[in-house]
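A structural walkthrough
The chain contents come next:
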Amino acid sequence: MVHGAAGSTPEGANKNYWSPKKDGADFDWSFSLEPLAPFREYITIISGTDARPAEAFTSSEGGADHFRSSAVYLTAAHAKQTAGPDILNGASIDQLYAQRFGNDTPVPSVQLCTENIGLSGSCGFNYNCVYSDTISWASPTVPMPMVVNPRAVFENLFGYGRTSILASILDGLTPAAARLRADLGAADKRRLNDYLEEVRGVERRIQAIERHNAAAPSRELASAPLGVPDSWEDHVKLMFDLQVLAFAAEITRVSTFKMSRDTSLRIFPGSGVTTPFHTLSHHSEKPELIAEFAKLNRYHVGVVSYFLRRLKETPDGDGNLLDSSLVLYGSPMGDSNTHNHRSLPLLLAGHAGGQLKGNLHRTCDPGTPHANCLLTILRKLGVEADSIGDSTGEIAI
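All of these numbers come straight from a predicted model, not from anything done at the bench.

Examining unusual backbone geometry
Note: most peptide bonds trans; most residues except glycine with negative phi. Phi angles above zero are rare outside glycine, and Phe 125 is one such case at about 60°. Phe 125 sits in the partly exposed class, given a relative accessible area of 48%. The backbone phi angle of Asn 126 is positive, close to 60°, even though this residue is not glycine. Along the chain, the position of Asn 126 falls in the loop between strand 4 (110-113) and helix 4 (130-133). Judged by its relative accessible area of 43%, Asn 126 falls in the partly exposed class.

A closer look at the side chain of Asp 65
Position of Asp 65 among the secondary structure elements: in helix 2 (residues 65-72). With sequence-adjacent residues up to four places away left out, Asp 65 is seen in contact with Ala 54, Met 333, His 339 and His 341.

Quick notes on the confidence of the model for the protein chain
Confidence in the prediction of the protein chain, expressed as mean pLDDT, is 88, and 89% of residues score 70 or more. No element of the protein chain has a lower mean pLDDT than helix 6 (residues 165-171), at 47, and none a higher one than strand 5 (residues 137-139), at 98. Residue range residues 161-169 is modelled with pLDDT below 50. Its contacts to residues more than four positions away, or to other chains, number 21 contacts.

So, the packing of helix 9 (residues 232-248) against helix 11 (residues 287-312)
Helix-helix packing: each pair is described by the crossing angle between the helix axes and the interaxial distance. At their nearest, the axes of helix 9 and helix 11 sit 9 Å apart, and the two run at 25° to each other. Here helix 9 is positioned roughly parallel relative to helix 11, judged by the angle of their axes. Two packed elements cross with a definite hand, and for helix 9 against helix 11 that hand is right-handed. The residues of helix 11 that touch helix 9, namely those facing Trp 232, Glu 233, Val 236, Lys 237, Phe 240, Asp 241, Gln 243, Val 244 and Phe 247, are Tyr 299, His 300, Val 303, Val 304, Tyr 306, Phe 307, Arg 310 and Leu 311. Per-class residue counts for the contact of helix 9 with helix 11 are 11 nonpolar, 2 polar and 4 charged.

Considering the state of the cysteines
One pass over the structure, following the stated rule, counts 1 disulfide. A sulfur-sulfur separation of 1.8 Å characterises the disulfide bridge that pairs Cys 123 with Cys 129. Judged by the torsion about the S-S bond (100°), the Cys 123/Cys 129 disulfide is right-handed. Residue Cys 129 is classed as buried on the basis of its relative accessible area, which comes to 0%. The thiol of Cys 373 is unpaired, and the distance to the nearest cysteine sulfur, on Cys 364, comes to 7.9 Å.

A short note on the pattern of salt bridges
Once the charged atoms of two side chains with opposite charge are near each other, the side chains can pair. Across all of its chains, the model carries 23 salt bridges by this definition. Glu 220 is paired through a salt bridge with Arg 266; the nearest N and O atoms lie 3.4 Å apart. Of the two residues, Glu 220 is situated in the loop between helix 8 (186-215) and helix 9 and Arg 266 in the loop between strand 7 (254-258) and helix 10 (277-281); the sequence distance between them amounts to 46 residues. For Glu 220, a relative accessible area of 46% translates into the label partly exposed. The class of Arg 266 is buried, set by a relative accessible area of 5%. Here the salt bridges share partners, and the residues they tie into one network are Glu 198, Arg 205, Asp 241, Arg 309, Arg 310 and Glu 313.

Details of the pairing of strand 10 (residues 325-330)
Buried residues dominate strand 10, accounting for 6 of its 6 residues. Sheet analysis places strand 10 next to strand 11 (residues 346-349), joined by 4 bridges and oriented antiparallel. The partner of Val 327 across the bridge, within strand 11, is Ala 349.

Side note on the nonpolar core
Grouped together as the largest cluster of nonpolar side chains are 54 residues, with contacts concentrated most on Leu 157, Phe 158, Phe 240, Leu 242, Met 259, Leu 308 and Leu 311. Non-local contacts of Leu 308, meaning those with residues more than four positions away in its chain, are made with Leu 36, Phe 39, Ile 43, Leu 322, Val 327 and Ala 349.

Considering helix 5 (residues 150-158)
Every buried residue belonging to helix 5 is among Pro 150, Arg 151, Val 153, Phe 154, Leu 157 and Phe 158, and all of these are buried. Down the axis of helix 5, the buried set is contained in an arc of 160°. They therefore lie on one face. Near the N-terminus of helix 5, the side chain that reaches the backbone nitrogen of Arg 151, with its oxygen 3.1 Å away, is that of Asn 149.

Looking at the packing of aromatic side chains
Enumeration over the complete set of coordinates arrives at 12 aromatic pairs. Both rings, one in Phe 268 and one in Tyr 299, keep their centres 6.4 Å apart while their planes meet at 55°; by these two values the pair is tilted. With Phe 268 in the loop between strand 7 and helix 10 and Tyr 299 in helix 11, this pair connects stretches of sequence that are 31 residues apart. An identical accessibility class is assigned to Phe 268 and Tyr 299; each is buried. Ring pairing ties together the aromatic residues Trp 232, Phe 268, Phe 277, Phe 293 and Tyr 299, which thus form one cluster.

Criteria and thresholds
Starting from 1, residues in each chain are numbered consecutively following that chain's sequence as written. The predicted nature of this model means local features are confined to residues of pLDDT at least 70 and side-chain atom pairs, given and counted, to a pLDDT of 80 or more, with totals for whole chains, interfaces and linings taken over all residues. Computation of side-chain values covers all heavy atoms of the structure but excludes hydrogens and water. Only protein chains enter the accessibility calculation, which uses a 1.4 Å probe. A residue is then buried if its area is under 20% of the maximum for its type, exposed if over 50%, and partly exposed in between. Labels follow the DSSP assignment, with helices taken as runs of H or I lasting at least four residues and strands as runs of E lasting at least two, numbered in each case from the N terminus. The contact rule is simple, with two residues in contact once any of their heavy atoms fall within 4.5 Å. Confidence of the prediction at every residue is given by pLDDT, a number between 0 and 100. Axis definition: a line fitted to C-alpha atoms, over the contacting stretch in the case of helices. Angles run 0 to 180 degrees between N-to-C directions. Small angles under 35 degrees read as roughly parallel and large ones over 145 as roughly antiparallel, with 65 to 115 read as roughly perpendicular and the rest as oblique. Crossings are sorted by hand: turned counterclockwise from the far helix by less than a right angle, the near helix makes the crossing left-handed, and turned clockwise it makes it right-handed. Residues were grouped as follows: Ala, Val, Leu, Ile, Met, Phe, Trp, Tyr, Cys and Pro as nonpolar; Asp, Glu, Lys and Arg as charged; and all remaining residues, including Gly, as polar. By disulfide we mean two sulfur atoms from cysteines, separated by a distance within 2.5 Å. Think of a salt bridge as a Lys or Arg side-chain nitrogen and an Asp or Glu carboxyl oxygen that are within 4 Å of each other. Should DSSP find at least two bridges between two strands, the strands are regarded as paired. What we call a nonpolar core is a set of buried Ala, Val, Leu, Ile, Met, Phe, Trp, Tyr and Cys residues that are connected through their side-chain atoms within 4.5 Å. The reported arc concerns the directions from the helix axis to the C-beta atoms and nothing else. Counted as a polar contact is a pair of N or O atoms within 3.5 Å, where, for protein atoms, one must be capable of donating a hydrogen and the other of accepting one, and residues adjacent in sequence contribute only when both atoms are in side chains. Aromatic rings from Phe, Tyr and Trp, with only the six-membered ring used for Trp, were paired whenever their centres fell within 6.5 Å, and each pair was classed as stacked if the ring planes differed by under 30 degrees, edge-to-face if by over 60, and tilted otherwise.

The structure is reproduced here in structure tokens:
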């Protein structure tokens, strides 16, 4: 079965550092995307799409691009301006997939993030905070909460309350576990043992983080749960590992991951950049700041390459998880400096069970809706859809 994963970073990348110069196959790698070069055969880069629903439609909506950005990324819908409970957006592609295939797995879908203030009411510009807190929507009025705590994710996937076969394997006590082991050949038993050891390894990492944070006199994110590492990179990689484990055992087939919060002032030491993320995104077209922002984007892409490596090294059928997955990564902003939603930085990774060839850079015609990318993804994943948002058709990939 094909798996789907969507990840987002809130602010766009300068096109001179992101978009490859050549269209078609065997393109040259841009600076920001170069960390993905080892996965060339799995990568499809889509350039030139516009997220017009993220733009202000009225003067009162001006300045609220960050709220609409997160809301539009997987829905292609224009979020209703309201600070009250009468929120209105659109169903996201991950949830459309979950509604079609989610009943086949113990967990229909998972929604993850690295920062979540969890507020209600207005967060500014008369927009409800929920619009920037999640990129996943079950329906136009039902946002899906995103989970920041790896412990909560682990318990959701592997908790003892789960009635799946996998839960029985994990506790090692039930007759179902013994029966399953008895029916496996030597190679499959080794694979099962390796998988269970990976699960236990992830749990030990979470336990070590909790012990460290419980004893720490202060933390980078003071209000974060005990299971959240201070290191953004450690946090992201732990969340990636949990998704890989979930896909490998068919606990779920679809996930979304908001890898940073809009307007975040976080500094990423691993990037070598000392300016806060949001501050640097408004680079005022200064070449030296644009270069620094590209360096920061390159670092983020490098962390995404960890996820692709983990998928590729995980067996799945006659291939690996990256063969049978489709990963969307990008941003609903094309130019963060001006909050422009044109020419978005987007890429797809994986072969989607043979639906994507990879090794392709597709430059779209001017004015092509970002929604066309979402519609293409849905159909590649086996979801019948006439349209989504302002889509006009599929993208030839």
